[in-house]
Amino acid sequence: MKEKLVMVGNGMAGMKTIEELLKLAPDAYDITVFGAEPFGNYNRIMLSPVLAGEKTIDEIMINDLQWYKDNNITLHTNKTVVEIDRTEKKVVAEDGTCEFYDRLLIATGSNPFMLPVPGGQLPGVIGFRDIHDVDTMLDSAKTKKKAVVIGAGLLGLEAANGLKLQGMDVTVVHLLDCLMERQLDQPAAALLQTELESRGIHFLMEAQTQEILGDDYVTGLRFTDGVEIEADLVVMAVGIRPNVELAQKAGIHCDRGIVVSETMLTSDPAIYSVGECVQFGEHTYGLVAPLFDMAKVCASQLADIDHKHYAHTETSTKLKVSGVDLFSAGVINGDETTDDIVFQDPANGVYKKIVLKDQKIVGVVLYGDTFDGSWYFELLREGTDVSEMRTHLLFGQAHLGDSGHGGVNDAVAAMSDDAEICGCNGVSKGDVVKAITEKGLQTLDEVRAHTKASASCGSCTGLVEQVIAHTLGADYSDSPSEKPVCKCTDYTHDDVRKAITEQKLTSLKALMNAMEWRTVDGCASCRPALNYYLIAAWPGKAQDDYRSRFINERVHANIQKDGTYSVVPRIWGGLTTADELRTIADVADKYEISTVKITGGQRIDLLGVKKEDLPAVWGDLNKGGMISGHAYSKGLRTVKTCVGQEWCRFGTQKSMQMGIELEKMTWGSWTPAKFKIAVSGCPRNCAEATIKDFGVVAVDSGWELHVAGNGGIKVRVTDLLCKVQTAEEVREYCGAFMQVYREEAHYLERTAHWVERIGLSYIKQRVVEDAEGRKALNERFLESQVYAQVDPWAQRASEGVDAHEFAPLTQINKS
Amino acid sequence: MSDWIEVGKLSDIPRQGSRIINSDDGDIALFRTVDDEVFALRDECPHEKGPLSQGIIHGKRVTCPLHNWVISLEDGCALPPDEGCATHFSVKLEGESIFLKY
Ligand code: SRM
Ligand SMILES: Cc1cc2nc3c(=O)[nH]c(=O)nc-3n(C[C@H](O)[C@H](O)[C@H](O)COP(=O)(O)OP(=O)(O)OC[C@H]3O[C@@H](n4cnc5c(N)ncnc54)[C@H](O)[C@@H]3O)c2cc1C
Ligand code: SF4
Ligand code: FES
């Protein structure tokens, strides 16, 4: 028989413990969890972004009910435990549900402290702790006007920001003269207050609430100086109290919190406790980083593996208000034994203070520029002697080396592997880099999934992205030409392209045979690459192998995270007509398409289309004169335009017309990676042509041609290729540039990386200087377009191509 | 009790391709490898439930279309370092006919 582990409190610290335990010893216990809330486990931290409308409740679920089932955990939701019987070793919930335990884990968190003033119990007076509170606030915002938040700490300000964004008139009331006084000193607090005031939040400082007014619902507040203000909603955010009631009643030793040892044991050797309900030494806690440490310790003790011990560590604070950068840790206001080093640039809203004691950092306050926060925090926690770097300290880590001015990349490079990136989950730079390189991760989501970095409060997201850019960036410049295509071969991309043309190989099978591929039919990395190289080399001759294309290119729509698809019709140069819009509207109605979105590429995206509906949706769009926008392809995506000379008072050329001509010429083409074009009517550049693969900017005397830009993790501004005079030249240079790219770049290598690898001068030589060569390239481009410009939607909607993709084989039932 | 149910013919599935079978408790993906072997998995990636039927099939493996986990068709399990398994169903071929144990 397995031992029974019962947990009370289905919150962040407790469930983290269970998750860690499952990793260490998946089968050690029969686990039962009681939660007073009606949900699975959610990311409480993210309630602020939910209130601000930046996230939905669904998005902040960590473990949904299915997860508990999958892991064989019995979850009692909506059941508050009211009694622990330590003699019989059982817990009893309000409704009588009873469970026996061998070991018990108490993780009841804390309760918002409600000011004991008259009227404090009135409806409309709430705390900010759980989904229920957020729902109350969102409902109030719909029908009511005035919100008052008592307390200008982290929670209070996040509540105020959210309520303001929901359209309420918000006043923050604070007892002291300085907001977030535990994390900020006067100057930083003043900057923050100015910023929040500029967003329309009012502050009433040094105001002590005496009474909350109202008969059967809150109507206002009165302060000790007799002043009264109106309120339809009052949020108390004046602090939290460890939730010890249950433990106390059971006779477990409690002080301010449930007292635990360094193994997370309470005074009862069968009962552990973690989270905000706990008191360790003098400390109680209100941020997740130390709680997650407790969780790891407790899990190791429960699993009887590696017996970790808990030790108190410093925590750092960030505020989750979009657009406000704030970091603080340690001692905020120094005394006569400390030195403050301060940098102040109020015009730019930047303030930095480092508090030093005996040549060590003991406190940090950063406002406006928090990039070096984690570095200072590392120095603080490790007690590093900073006397050597003292004069440069405020300029950040990147400025320590010889290079003088370091960009972001240098700063990331300068971080040690141990530097903590994600405070909540204790993930270091080294962990992130290792995951990226060992598991071949490419995106923030992947890194989040594998390392948990930025998965809790999300405030380190920017930093994680910089580490990704830095790590993958090095990979890009690491001359990819030298690397084999994938594990199936030792040959490089260039070897393969050469073999295809020299040995006149036109099929995948022939190619893999000729190059002695190690696997029968390659893998998901090489097959799409080889397929592209073949069709680029032999337009019309090589057979396009659909089994070697990613799903989006196979079914000509973008797969979404729930398995539905999105459909983006081509909207030439960003111009549409009333008829096209009507067709789109009719399609949206007919197929019950819930989301219709204007994309960043100047077109319209229909999201959430069921796979089996795709051919019919396309058929209807075709009837309205629209074809595939290839929003899914490694090929031409969009041609964005601005209104240009046609309408704009500054326009110097007809940019809309130019955009449409370029799109008519280039649509349907396959390229190594996606390819985007934009045309702006003057150097004000409203079409953002200078971050496109091919950007055209009109000037009085003609057209500037720009190449190799992109947005993305690392924005790259285009290089100027040359200036030309006529529209015909623009088209010819465009075709020639695309064709060199098509013929020579590596699969998945976007123009920005390609041009950085081979150099702009090579492109200039091929496309600008060699006029004959340019013409030939353009002709080859146009020749291949003859085979490429076939609308894949029409083929599937009316010619029955690939019908098997869209219909199930059969239906079976358990009889 | 599970029974062998005839679900279709080999030629219904393109080589290196997949078809879906709708069932009471969710879709089942039927895969045909380059060597004409047939496998069946619940059409749900162990990672975040991506539809495995939509992935690229290579050897006796499929790469999930959502985040590129590689899943073995033989047992439904992800290749290390990823962890987790999609439910696996037995399949047999009798001549051209495909039978699924369900
Ligand atoms: C739909 C759209 C967002 C929107 O609602 O506006 C979008 C959606 C996606 N973009 Fe984008 N991008 C969209 C405009 C852009 C733009 C803006 C633009 O084109 O002017 C950019 C910056 C310009 C650029 O490309 O450089 C952009 C830069 C990216 C990147 C970064 C590319 C890079 O080279 O670094 C990715 C990631 C990638 O390709 O690996 C990406 C990837 C994606 C993917 C494919 C992510 C994915 O793999 O699922 C998204 C597909 C969603 C879907 O299934 O529909 N999207 N994406 C836009 C579609 C435009 C269209 O009409 O076709
Ligand atoms: C709006 C908001 C923003 C925050 N932002 C941040 C941030 O940016 N960074 C950060 O580090 N931290 C932040 N925090 C704090 C963080 O959320 C908490 O530190 C953390 O959730 C505490 O975890 P816990 O498990 O101890 O308690 P909880 O997550 O509160 O879990 C306790 C659970 O136990 C349940 N429970 C209590 N008593 C019983 C009982 N008798 N029977 C059954 N169930 C019971 C409760 O209903 C609750 O679900 C924020 C908190 C809030 C509310
Ligand atoms: S920026 Fe692009 S890739 Fe990122 S979430 Fe938006 S649409 Fe998706
Ligand atoms: S859902 Fe399959 S890899 Fe993420």
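Note that the structure is a prediction, hence the values are computed from the model and not measured.

Rules used throughout
- Each chain has its residues counted from 1, running along the sequence as written.
- Here chains are named by letter from A upward and ligands by number from 1 upward, in the order in which they appear as written.
- A pLDDT threshold of at least 70 governs which residues receive local features in this predicted model, and a stricter bar of 80 or more applies before side-chain atom pairs are shown or counted, although totals over entire chains, interfaces and linings include all residues.
- The basis for the side-chain values is all heavy atoms of the structure; hydrogens and waters are excluded.
- The cut-offs for exposure are 20% and 50% of the maximum accessible area for each residue type, with area from a 1.4 Å probe on protein chains only; residues under the lower value are buried, those over the upper are exposed, and the others partly exposed.
- Secondary structure counts use DSSP, requiring at least four H or I residues in a row for a helix and at least two E residues in a row for a strand, with both numbered from the N terminus.
- Paired strands, as defined in this entry, are two strands with at least two bridges between them according to DSSP.
- Note on terminology: disulfide denotes any pair of cysteine sulfur atoms within 2.5 Å.
- Only residues above 30% relative accessible area that lack a salt bridge enter a patch, with like-charged residues linked at up to 9 Å and the nonpolar side chains Val, Leu, Ile, Met, Phe, Trp and Tyr linked at up to 5 Å.
- Note on areas: these come from Shrake-Rupley sampling with a 1.4 Å probe, and a residue is covered only by the protein chains present in the view.
- Counted as salt bridges are all cases of a side-chain nitrogen of Lys or Arg within 4 Å of a carboxyl oxygen of Asp or Glu.
- Just so you know, the count uses Lys and Arg for positive and Asp and Glu for negative, and it drops His and the chain ends.
- All charge positions are set by atom: Lys at NZ, Arg at CZ, Asp at CG, Glu at CD.
- What is meant by a nonpolar core is a set of buried Ala, Val, Leu, Ile, Met, Phe, Trp, Tyr and Cys residues, joined one to another through side-chain atoms within 4.5 Å.
- Only heavy atoms enter the contact rule, under which two residues are in contact if any of them lie within 4.5 Å.
- The near set for a molecule or strand comprises every residue that places at least one heavy atom within 4 Å of it.
- Here a polar contact means two N or O atoms within 3.5 Å. Within protein one must be a hydrogen donor candidate and the other an acceptor candidate, and residues neighboring in sequence count only if both atoms are side-chain atoms.
- Under the convention adopted here, Pro, Cys and the residues Ala, Val, Leu, Ile, Met, Phe, Trp and Tyr are nonpolar, Asp, Glu, Lys and Arg are charged, and Gly plus all remaining residues are polar.

Q: Sorry, what's going on with the pairing of strand β26 (residues 350-357) of chain A here?
A: Two faces, one strand: in a regular strand the side chains alternate between the faces of the sheet. Residue and element names in this part refer to chain A. Counting buried positions over the eight residues of β26 gives seven, a clear majority of the element. Here strand β25 (residues 339-345) runs beside β26; their pairing, made up of seven bridges, is antiparallel. Across the sheet, Val342 pairs through a bridge with Lys353, a residue of β26. Connecting the antiparallel pair β25 and β26 is a turn made up of four residues, with Gly349 showing a positive phi of about 65°. Where β26 lies against strand β27 (residues 360-367), seven bridges are found, and the strand directions are antiparallel. Bridged to Val355 within β27 is Gly363. The loop that links β26 with its antiparallel partner β27 comprises two residues; one of these, Asp358, has a positive phi angle of about 50°.

Q: Looking at this model, I keep getting lost on the state of the cysteines. Mind explaining?
A: Two cysteines, two sulfur atoms, one covalent bond between them: this is a disulfide. Counting across every chain of the model gives one disulfide over all chains. The disulfide partner of Cys77 of chain B is Cys85 of chain B, and the gap between their sulfur atoms is 2.0 Å. Looking along the S-S bond of the Cys77 of chain B-Cys85 of chain B disulfide, the torsion reads about 95°, which is the right-handed sense. Taking the relative accessible area as the measure of exposure, Cys85 of chain B reaches 48% and is therefore partly exposed. Here Cys254 of chain A stays unpaired: no disulfide links it, and the sulfur of Cys277 of chain A, its closest cysteine neighbor, is 9.0 Å away.

Q: Sorry, what's going on with unusual backbone geometry here?
A: What you tend to see is this: most non-glycine residues have negative phi, and most peptide bonds are trans. Positive phi, normally seen in glycine, also occurs at Lys452 of chain A, with a value near 75°. Relative to the helices and strands, Lys452 of chain A is located in the loop between α12 (444-451) and α13 (461-477).

Q: Any chance you could explain a negative patch on the surface here in plain terms?
A: Residue and element names in this part refer to chain A. On the surface, Glu382, Asp417, Asp418 and Asp431 cluster together into a negatively charged patch. Along the chain, Asp418 falls in the loop between α10 (408-414) and β28 (420-422). Of the residues examined, Asp418 reaches a relative accessible area of 59% and is grouped as exposed.

Q: How should I be thinking about the nonpolar core in this particular structure?
A: What tends to happen in soluble globular proteins is that the nonpolar side chains get buried as a cluster. Residues and elements named next belong to chain A. Counting residues in each nonpolar core, the largest one holds 52 residues, and the members touching the most others are Ile31, Ile84, Val91, Leu104 and Met264. The leading source of residues in this core is helix α8 (residues 288-303), at seven residues. Aside from chain neighbours lying at most four places away, what touches Ile31 is Leu5, Ile18, Leu21, Leu22, Asn72, Ile73 and Thr74. Core analysis: the next-biggest nonpolar cluster, separate from the first, contains 45 residues, Ile126, Phe128, Met168 and Val172 among them.

Q: Can you help me understand the site of ligand 2 in this one?
A: Residue and element names in this part refer to chain A. As a structural note, the neighbourhood of ligand 2 is formed by 34 residues, with Glu37, Arg129, Glu276, Val288 and Lys320 the closest of them. A distance of 2.8 Å separates an oxygen atom of ligand 2 from a polar atom in the side chain of Arg44. Between ligand 2 and Asn243, the relevant distance is 3.4 Å, taken from a nitrogen atom to a side-chain nitrogen or oxygen of the residue. Within the residue set of the shell around ligand 2, elements represented by two or more residues are α1 (12-24), α5 (154-165) and α8. For the shell around ligand 2, the element with the most residues is α1, which contributes three residues. Of the residues in the shell around ligand 2, the class split is 15 nonpolar, 12 polar and seven charged.

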